[in-house]
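In case you want the letters, here they are:
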Amino acid sequence: MNLERTKAVLAAVGVAALAIAVPGFDKAVAATDTSAAARTVPLVRYFDGRKHWSTTGAKPNAKYREEGRIPILVTQAPGTRAVYSCMSGSAPRDQYLSHFTDCENRVSDTGDNVLLKVEGYLYTQPGPGLKAAYRCYVPHTKSHFFSVKSDCEANPPESPVKAEFVLGYFPA
């Protein structure tokens, strides 16, 4: 995906500016180090009444309100892997988090998913002082988000939500 296509996708969803980062890698490192020396920034979940947006960066636009936040590592540490911000090529305004630099294009219907940036790093295994973050999906609005609850804050039948997988573990 080229830079001009990425800019066009972001403009279409109302995001005026976003840092495009060169991805690191998407393989986990073996050991786990949860020392206090690991610097974190908030990964914030926003919602505009229909769609979610999760980022360590700025709020996408004024319509979005904050719903929650977790700390995410700024740099790779042993036992962590990258979390990438992606935009779906098949669902309008569906920004989501992934572990893959190809934004899961190998399994998507269109192959048009766009990498936006590296958000940070999460631990790959549970451990002392770590809490799980889950990737969730709302089928009827085609919106992904992260949650600290394994049921993804489901409120059936009004809002059926699917927990897709554990995104990673963050320092609690």
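Above this text sits the structure in question.
Tallying secondary structure elements over the protein gives one helix and nine strands in all. The secondary structure elements of the protein, listed N-terminal to C-terminal, are α-β-β-β-β-β-β-β-β-β. By the burial criterion, 41% of the 172 residues in the protein qualify as buried. For the protein, the share of sequence-separated contacts (at least 6 apart) that also reach a separation of at least 24 residues comes to 65%. Total accessible area on the protein stands at roughly 8600 Å², and carbon and sulfur atoms take up 54% of it.

With that settled, the discussion passes to the environment of Cys103. When you line up the elements, Cys103 lands in the loop between strand 5 (95-98) and strand 6 (114-123). Each C-alpha atom of the pair Cys103 and Asn113 lies 5.9 Å from the other, and the pair is 10 residues apart in sequence. Each residue touching Cys103, except ones within four places of it in the same chain, is listed here: Ser85, Cys86, Tyr96, Ser98, Asn113, Val114 and Leu115.

So, about the pairing of strand 5. Judged by which residues are buried, strand 5 turns out to be covered on both faces: Gln95 and Leu97 on one side and Tyr96 and Ser98 on the other are all buried. Where strand 4 (residues 80-87) meets strand 5, four bridges bridge the pair, whose relative direction is antiparallel. Its bridge partner lying in strand 5, Ser85 is registered against Leu97.

Applying the stated criterion to the full structure yields two disulfides. By sequence order of its bonded cysteines, the protein has the disulfide arrangement 1-2, 3-4.

Among all residues except glycine, the phi angle is most often negative; among peptide bonds, the trans geometry is most common. Of note in the backbone geometry, Arg93 takes a positive phi value of approximately 60 degrees without being a glycine. When you line up the elements, Arg93 lands in the loop between strand 4 and strand 5. Backbone geometry places Cys152, a non-glycine residue, at a positive phi of 55 degrees. Within the element layout of this structure, Cys152 appears in the loop between strand 8 (143-147) and strand 9 (162-171).

Further remarks concern the nonpolar core. If you look at the biggest cluster of nonpolar residues, it comprises 20 residues, and the most contacted ones within it are Tyr84, Tyr123, Cys136, Phe145, Cys152 and Val161. Where this core is concerned, the elements lending two or more residues are strand 4, strand 6 and strand 7 (130-138). It is strand 7 that contributes the most residues to this core, five residues altogether. Among residues more than four places away in sequence, those in contact with Val161 are Cys136, Tyr137, Val138, Phe145, Cys152 and Ala154. Counting residues in each nonpolar core, the second largest holds 10 residues, with Ile72, Leu122, Ala133 and Phe170 among its members.

Rules of the game
- Residues numbered from 1 in each chain as written.
- Predicted model: local features only at pLDDT ≥ 70, side-chain atom pairs only at ≥ 80, totals over all residues.
- Heavy atoms only, no water.
- Helix = DSSP H or I, 4+ residues; strand = E, 2+ residues; numbered from the N terminus.
- Buried < 20%, exposed > 50% of the residue type's maximum accessible area, 1.4 Å probe, protein only.
- Contact = heavy atoms within 4.5 Å.
- Areas by Shrake-Rupley, 256 points an atom, 1.4 Å probe, with all protein chains shown as cover.
- Pairing = 2+ DSSP bridges.
- Disulfide = S-S within 2.5 Å.
- Core = buried A, V, L, I, M, F, W, Y, C linked by side-chain atoms within 4.5 Å.

The quantities given are spatial measurements derived from coordinates; they are silent on function.
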